[in-house]
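Chain by chain, the residues:
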Amino acid sequence: MPRRPVNPLAGSEQRRTPGDWLDFAVELYAEHDLALGQIATSAHDEALYLILHTLGLPMDSDERVLAKKLTAAQAKKLVDVFRRRVVDHTPAAYLTREAWLNDLRFYVDERVLIPRSYFLEIIPEQLDDLVADPKRVRRVVDVCTGSACLAILLAKHFPRAQVDAVDLSADALEVAKINLQAHRLGERVTLHRSDVFGAVPPVKYDVILSNPPYEPSAHCDRLPVEFTREPRLALDGGRDGLDIIRKLLRQAKDRLTPDGIVLIEVGGLGPAMDREFAKLQPRWLTTTDESNCVCLITAARLQAWRG
Ligand SMILES: C[S@@+](CC[C@H](N)C(=O)[O-])C[C@H]1O[C@@H](n2cnc3c(N)ncnc32)[C@H](O)[C@@H]1O
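Since this is a predicted model, take the numbers as computed values, not measurements. The numbering scheme is per chain: residues are counted from 1 as the chain's sequence reads. Where local features are concerned, this predicted model is filtered to residues with pLDDT of at least 70; where side-chain atom pairs are given and counted, the filter is 80 or more; whole-chain, interface and lining totals use all residues. Hydrogens and waters are ignored; side-chain quantities use all the structure's heavy atoms.

A. Spatial organisation of the environment of arginine 275. Here a strand is any run of E in DSSP of at least two residues, a helix any run of H or I of at least four, and the numbering for each starts at the N terminus. Tracing the backbone through its elements, the reader meets arginine 275 in helix α13 (residues 270-276). Residues arginine 275 and alanine 199, spaced 76 residues apart in sequence, show a C-alpha to C-alpha distance of 30 Å.

Written out as structure tokens, the structure is:
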């Protein structure tokens, strides 16, 4: 006998307030193995964000707001959004078409990785101490820019610098353009469609920053559904994850000012980097979760390297 399709949202009509929906949604996340880690690490936080966003309520809404009775139209909106999250495993950020980094909003859709980089912490808190003189930073580049979120953080951090933002994906650059316009940075951030530096004019940078694709291909084949909705080009770093990083470091050699630095986020590839690029003496930066997966390499080390 054919099995009756299960309706994961069955019973939702009994949920009368946003607070009821929050409890219900947290159960759904557990029952349906929804993957987290793209915009939040707890089901509660992600579900609350989706409920407040869907209902157009402020993110700091208190218990009284969560206890208010929903209209039929509001309840339908919640059914629709959680159906897509639970049944289709659509990532929350693709449902709301936005991602927040600190207090900055970025437009995102399926053409770009959902921003979640450690540079969010490093740019405001450490970058000034890592460059020779923050006041004299004139040119910086974000290689593998995706939504341009890091290029925009760089442009805001170094208000007098020209910023280049590079990506191989024409689709990603369309999204980057939307964000540059939204942040009024179209004049100061230049987009380049390029395989690393291949098609970028030959200028030298004070800072080269990159959050490249660094997952080993086999790992990309086993990702939870939510992560397979992100562009594979944004995640897949080749057999051992290092393909783009190798290319970037070889090309970075001729792209830095004498005091320049390269900053790369490498996920779990720290030990592999230390082995393969020992001569470059990568310096691992400390991040609050102690994953320490962003390294700094100096122009001087790259100059002396025969990579
Ligand atoms: C991990 S995502 C980072 C996106 C963004 N910087 C962020 O932190 O959210 C990597 C990006 O690298 C781009 N990419 C992949 N291969 C590339 C290559 N060979 N040259 C330039 N960009 C590349 C992808 O299209 C994707 O947008």
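The discussion continues.
B. Focus on the domain arrangement of the protein chain. Here the protein chain is partitioned into domain 1 (12-96) and domain 2 (115-304). Between the C-alpha centres of domain 1 and domain 2 there is a distance of 33 Å. Here a residue-residue contact requires only that any non-hydrogen atoms of the pair lie within 4.5 Å. Contacts between the two partners involve 11 residues from domain 1, matched on the other side by 9 residues from domain 2. Accessible-area loss on putting two parts together, using a 1.4 Å probe and summing over both, is the definition of buried area adopted here. Across the domain 1/domain 2 interface, buried area totals approximately 750 Å², and carbon plus sulfur atoms make up 49% of it. Salt bridges are defined as contacts in which a side-chain nitrogen from Lys or Arg sits within 4 Å of a carboxyl oxygen from Asp or Glu. Taken together, the links from domain 1 to domain 2 amount to 1 salt bridge. A salt bridge links glutamate 226 to arginine 85; the nearest nitrogen and oxygen atoms lie 2.9 Å apart. Contacts described as polar in this section are N or O atom pairs within 3.5 Å, which, within protein, must combine one atom able to donate a hydrogen with one able to accept it, while residues neighboring in sequence count only if both atoms come from side chains. Joining domain 1 to domain 2, the criterion identifies 6 residue pairs in polar contact (both at pLDDT 80 or more). Each residue is assigned to one class: nonpolar for Ala, Val, Leu, Ile, Met, Phe, Trp, Tyr, Cys and Pro, charged for Asp, Glu, Lys and Arg, and polar for all the others, Gly among them. Looking at the side of domain 1 that touches domain 2 residue by residue, the class counts come to 5 nonpolar, 4 polar and 2 charged. Residue ranges assigned to the domains are those given by an automatic or database domain assignment.

C. Helix α7 (residues 149-157), seen in detail. To sort residues, take the accessible area from a 1.4 Å probe on protein chains only and compare it with the maximum for the residue type: under 20% means buried, over 50% means exposed, and anything in between is partly exposed. Counted residue by residue, α7 has 7 buried out of 9 residues, so it is predominantly covered. Of all the positions in α7, only Cys149, Leu150, Ala151, Ile152, Leu153, Leu154 and Ala155 are classed as buried.

D. Inspection of the site of the ligand at higher detail. As a structural note, the neighbourhood of the ligand is formed by 20 residues, with Cys144, Asp167, Asp195, Val196 and Asn211 the closest of them. Between aspartate 167 and the ligand, the recorded distance is 2.6 Å, taken from a side-chain N or O atom to an oxygen atom. Between the ligand and valine 196, the relevant distance is 2.9 Å, taken from a nitrogen atom to a main-chain nitrogen or oxygen of the residue. Broken down by class, the residue content of the shell around the ligand amounts to 12 nonpolar, 6 polar and 2 charged. Near is defined per residue: the residue qualifies when any heavy atom it owns lies within 4 Å of the molecule or strand.

E. Just the sheet that holds strand β4 (residues 162-167), in detail. Here, any two strands with at least 2 DSSP bridges between them count as paired. Strands sit in the order β5-β4-β3-β6-β7-β9-β8 across an open sheet of 7 strands; the sheet is mixed. Each having just a single partner strand, β5 (189-193) and β8 (283-285) make up the two edges of the open sheet. Put simply, the sheet's adjacent strands are angled 20 degrees from each other on average, direction ignored. Sheet topology note: the β4/β5 ladder contains 5 bridges and is parallel. Bridge pairing in β5 places aspartate 167 opposite arginine 193. All axes here are fitted lines through C-alpha atoms, helices being fitted over the stretch that makes contact, and every angle between N-to-C directions spans 0 to 180 degrees. Docked against the sheet, helix α6 (residues 119-130) engages β6 (205-210), β7 (256-265), β8 and β9 (294-298), running at close to 155 degrees with respect to β7.

F. A look at the pattern of salt bridges. In this structure the tally under the stated criterion is 15 salt bridges. A salt bridge links aspartate 221 to arginine 232; its shortest N-O distance comes to 2.8 Å. One end of the pair, aspartate 221, is in the loop between α9 (217-220) and α10 (225-228); the other, arginine 232, is in helix α11 (residues 232-235), and 11 residues separate them in sequence. Across the pair arginine 246 and glutamate 276 runs a salt bridge whose closest N-O atoms are separated by 2.6 Å. On the criterion of sequence distance, the pair formed by arginine 246 in helix α12 (residues 243-252) and glutamate 276 in helix α13 is long-range, its members being 30 residues apart.

G. Broad picture of unusual backbone geometry. Phi at arginine 97 takes a positive value of approximately 60 degrees, unusual for a residue other than glycine. Assignment of secondary structure puts arginine 97 in the loop between α5 (92-96) and β1 (98-101). Even without being glycine, asparagine 292 reaches a positive phi, approximately 45 degrees. If you trace the backbone, asparagine 292 turns up in the loop between β8 and β9.

H. Molecular detail of the nonpolar core. Within this scheme, the nonpolar core is defined by two criteria: the residues are buried Ala, Val, Leu, Ile, Met, Phe, Trp, Tyr or Cys, and they are joined through side-chain atoms within 4.5 Å. In terms of nonpolar packing, the biggest core is built from 34 residues, with Phe119, Phe158, Val189, Leu209 and Leu263 touching the most fellow members. Broken down by element, this core gets its largest block of residues, 7 residues, from α7. The contacts of leucine 263, once residues within four sequence positions are left out, are Phe119, Leu127, Leu130, Val207, Ile208, Leu209, Ser210, Leu285, Cys295 and Leu296. Counting residues in hydrophobic clusters, the runner-up holds 28 residues, among them Val200, Tyr205, Ala252 and Leu256.

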